[in-house]
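Coordinate analysis (summary)
Now for the letters of each chain:
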Amino acid sequence: MRILHTSDWHLGKHLENHSRIEEQEKFIDDLIEIVEENNVDMILIAGDIYDTSNPPARAEKLFYNSLKRLSNGGERVIVAIAGNHDNPDRIIASKPLAYEHGVILLGKPNSSIELGRVGKHEILDAGQGYFELQYKDDRVVFVTLPYPSEQRLNEVFKEAKDIEEMRRSYSQRVGHIFSELSDKFRDEAINIATSHIFVAGGETTDSERPIQIGGGLTVDANMLPEKAQYIALGHLHRPQVVKGIDNRAYYSGSPLQYSKSERSYSKCVYLVDIEPGKDAEVEEILLKNRKPIEVWKCNSIEEAINKCEESQEREVWAYLEIKTDRVLTQSEIKEIKKLKPDVLAINPIFEDIDNAGDNEVDEMKERNIMELFEEFYISERKARPTQEFMELFAKIVNEEGEEDEA
Ligand SMILES: [Mn+2]
């Protein structure tokens, strides 16, 4: 059986107030081509289908349209789970219609589905967090865990004394759910798990540490289901294999670059060939980048305007960084936006600050945001911030990152 794993579509997402829906529509066209060319049997969408809990109509239309085209009249099975950006109740509103087309929508962690026909195939067994599918000659057991927040699990992890203890208790809770559900896996079946979670990487550095502690909802890799041949994850936007366990768990990443920090690598989907009792074979299929994000570093306002004029025909989003000794006038800003409406932001970089010495800039880079913030606080308030205050700041930084990342 051949499965395609994708996630984090974030349909309806904007970047600096610019809609990405046209690129998202093109991605769906590309995806359908990939699915057809590669004879894909099943599609897994591991959460964050939409960017918000209240997506625009055009995003919903795109999702339903893509389901219809991908399922090919119920020949292919599609499994889609809710991510942290999705409204779990809204995702499953179309369940009765979707089911007929072979589309299984799961909103909350403990979701279950009905037995019987799903498209042209059949559900033989199902309960909270799992189901078994007869797909042609194969039996496929699925363990599913849509975004398991405290609220969606209807549980509270806050009795813990500190954040690290809370994180551990959350990780163990998720591990416990997986290990109970893993009883459904069978040697003669194809065994798959899917979830939308943040798995803690084995390799951390000091600069990441405060940010990770700030966000309690991370799961240790060894909590992932042992007997799953493939674990399709969503949440992180960079495609990657999960470290700390053998190569069975993957983040497919988002199909588009959703922030300028995602410029340095390609986006992809995974094709997974899988048979009972064997290791899954995973192939990365790179996606077309139809409208890359670029950062244009210009040495003057004039150069920036010229750059915009030269690039009028190119399909790119651009951040402008302009070295200057004065602020841009309204008419210069207007001209830039008129020449290149896809300029996302104009950031003047004032020369005298730059001249203050490269050393200082390098030094800034070497220190992490927590240290810089602490220093800023001390310089403003002439006092050290409390531990609680720093943790609150870490949480805010983490949430911001999550919007980017997750
Ligand atoms: Mn996401």
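Everything discussed here concerns the structure shown above.
This structure is a prediction, so every number in the text was calculated from the model and none was measured.

Some details on the pairing of strand β14 (residues 230–234)
Working note: regular strand, side chains alternate between the two faces of the sheet. In terms of residue burial, β14 counts as a mostly covered element, since 5 of its 5 residues are buried. Here β14 shows no split at all, with Tyr230, Ala232 and Gly234 on one side and Ile231 and Leu233 on the other all buried. Across 3 bridges, the pairing between β14 and strand β16 (residues 249–251) is parallel. Across the sheet, the residue bridging to Ala232 is Tyr250, located in β16.

Describing the environment of Ala345
Relative to the assigned elements, Ala345 resides in strand β21 (residues 343–350). Taking the C-alpha atoms as reference, Ala345 lies 7.5 Å from Glu16; in sequence the two are 329 residues apart. Among all residues touching Ala345, those that are not within four sequence positions of it are Ala318, Tyr319 and Leu320.

Concerning the pattern of salt bridges
Under the counting rule described, the total for this entry stands at 21 salt bridges. For Asp220, the salt bridge identified is with Arg167, shortest N-O distance 3.4 Å. Residue Asp220 is located in strand β13 (residues 218–220), and its partner Arg167 is located in helix α6 (residues 163–181); the two are separated by 53 residues in the primary sequence. Judged by its relative accessible area of 13%, Arg167 is buried.

Observations concerning a negative patch on the surface
A cluster of acidic residues, Glu302, Glu303, Glu309, Glu310 and Glu335, forms a negative patch on the protein surface. Top element by residues in the negative patch is helix α8 (residues 301–310). It accounts for 4 residues. By secondary structure assignment, the location of Glu335 is in helix α9 (residues 330–339). On the accessibility criterion, Glu335 (39% relative accessible area) is partly exposed.

Criteria and thresholds
- Residues numbered from 1 in each chain as written.
- Predicted model: local features only at pLDDT ≥ 70, side-chain atom pairs only at ≥ 80, totals over all residues.
- Heavy atoms only, no water.
- Buried < 20%, exposed > 50% of the residue type's maximum accessible area, 1.4 Å probe, protein only.
- Helix = DSSP H or I, 4+ residues; strand = E, 2+ residues; numbered from the N terminus.
- Pairing = 2+ DSSP bridges.
- Contact = heavy atoms within 4.5 Å.
- Salt bridge = Lys/Arg side-chain N within 4 Å of Asp/Glu carboxyl O.
- Patch = residues over 30% accessible without salt bridge, like charges linked within 9 Å, V, L, I, M, F, W, Y side chains within 5 Å.
- Areas by Shrake-Rupley, 256 points an atom, 1.4 Å probe, with all protein chains shown as cover.
- Lys, Arg positive; Asp, Glu negative; His and termini not counted.
- Charge placed at Lys NZ, Arg CZ, Asp CG, Glu CD.

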